Amino acid sequence: MQRYTPTEEQIRAQFVTSLMEYFKIEENPTLRSHIDDLIRSLSPSRYREFFRRLSLRPMAYKNGFEKIALIAQEFEEESLTPIDQEARERAEALYRLMYDIRQQIVLARNTELTAIERFEQIRFTTIRKSDSGEPLLDETDINVIRLLTKRWIYDYVSLDRGLFETRVTHEYRNEILRRERARQTSLSAPLKGKLLSASKRG
């Protein structure tokens, strides 16, 4: 007799049911779907540890959904590669900066130029850190801004934060990978030169 093995989808559905029962959340397709989205990136092998953290972590004044979201975020951050982590942090920082700049421009009075025209005139390379006077944005940031375009940033930074950060994180990841490949190439070039000259001497 063949042994029944549940699929990963079935295991996740049972895990969602367990979470709903744990927090006494009423059975509802919308609520179930929301919890499923929160734990979607979590592998079944980590469900036990997920419950352990839920039960041990003091989270006063948080409802069930907030607690699930917080623990799920912990697991997601732990699974990120260094490149993914850097891309996410840079995207969040860029969002805060661009949102603040856009708000200042929109609130400022200027009858000659529109807000978007004033935003497009900003030279982001000239923005400095208040404490050190060093450039606030480095080459990686500037390259991503050029890829996104100032107009796209202006339009989306106040429209949809989720969409903004998703695309910006993606562009940062590509730019960081390109930067790391260029760095590896520059590091390996002298070694290749030495090997070639050694082989010629041999």
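Keep in mind that what you see is a predicted model, and the values were worked out from it rather than measured. (Residues numbered from 1 in each chain as written. Predicted model: local features only at pLDDT ≥ 70, side-chain atom pairs only at ≥ 80, totals over all residues. Heavy atoms only, no water.)

A.B. asks: Looking at this model, I keep getting lost on the overall build of the chain. Mind explaining?
C.D. replies: In terms of regular secondary structure, the chain is built from nine helices and zero strands. With respect to the principal axes defined by its C-alpha atoms, the chain has extents near 75 × 65 × 30 Å. Here the chain holds 202 residues, and 29% of them are scored as buried. Contacts in the chain between residues far apart in sequence, at least 24 positions, make up 59% of those at least 6 positions apart. Carbon and sulfur atoms form 52% of the exposed surface of the chain, whose accessible area is close to 14,000 Å². (Helix = DSSP H or I, 4+ residues; strand = E, 2+ residues; numbered from the N terminus. Buried < 20%, exposed > 50% of the residue type's maximum accessible area, 1.4 Å probe, protein only. Contact = heavy atoms within 4.5 Å. Areas by Shrake-Rupley, 256 points an atom, 1.4 Å probe, with all protein chains shown as cover.)

A.B. asks: Would you explain the pattern of salt bridges in this entry?
C.D. replies: Opposite charge on two side chains permits pairing when their charged atoms draw close. In total, this model carries 23 salt bridges according to the counting rule given. We note a salt bridge from R12 to E9, for which the minimum N-O separation is 2.7 Å. Residue R12 and its partner E9 are both found in helix α1 (residues 8–22); the two are separated by three residues, about one turn of the helix. Residue E180 is joined to R183 by a salt bridge in which the shortest nitrogen-to-oxygen separation is 3.3 Å. Of this pair, E180 and R183 both sit in helix α9 (residues 161–201), three residues apart, which is roughly one turn of the helix. (Salt bridge = Lys/Arg side-chain N within 4 Å of Asp/Glu carboxyl O.)

A.B. asks: How should I be thinking about helix α7 (residues 139–148) in this particular structure?
C.D. replies: An α-helical turn contains 3.6 residues, so any two residues separated by three or four positions project in the same direction. The element α7 is extensively covered by neighbouring structure, given that seven of its ten residues are classed as buried. Where α7 is concerned, the buried positions are T140, D141, I142, N143, V144, I145 and L148. One side-chain oxygen at the N-terminal end of α7 lies 3.1 Å from the backbone nitrogen of T140; it belongs to D138. Phi turns positive, to about 80 degrees, at T149, one or two residues after α7. (Polar contact = N/O pair within 3.5 Å; in protein donor to acceptor, adjacent residues only side chain to side chain.)

A.B. asks: Looking at this structure, how should I read the nonpolar core?
C.D. replies: Note that soluble globular proteins tend to have their nonpolar side chains buried in a common cluster. By size, the foremost hydrophobic cluster in this structure holds 26 residues, and its most contacted members are L94, M98, F119, F124, I145, I153 and V168. Of all the elements in the fold, those that place two or more residues in this core are α5 (82–107), α6 (115–121), α7, α8 (150–156) and α9. At eight residues, the largest contribution of residues to this core is made by α5. Apart from residues lying up to four places away in sequence, L94 is in contact with L137, I145, L148, V168 and Y172. Listed in part, the 17 residues of the second largest apolar core include M20, F50, I68 and A72. (Core = buried A, V, L, I, M, F, W, Y, C linked by side-chain atoms within 4.5 Å.)

None of the figures reported here should be taken as evidence of function without further support.
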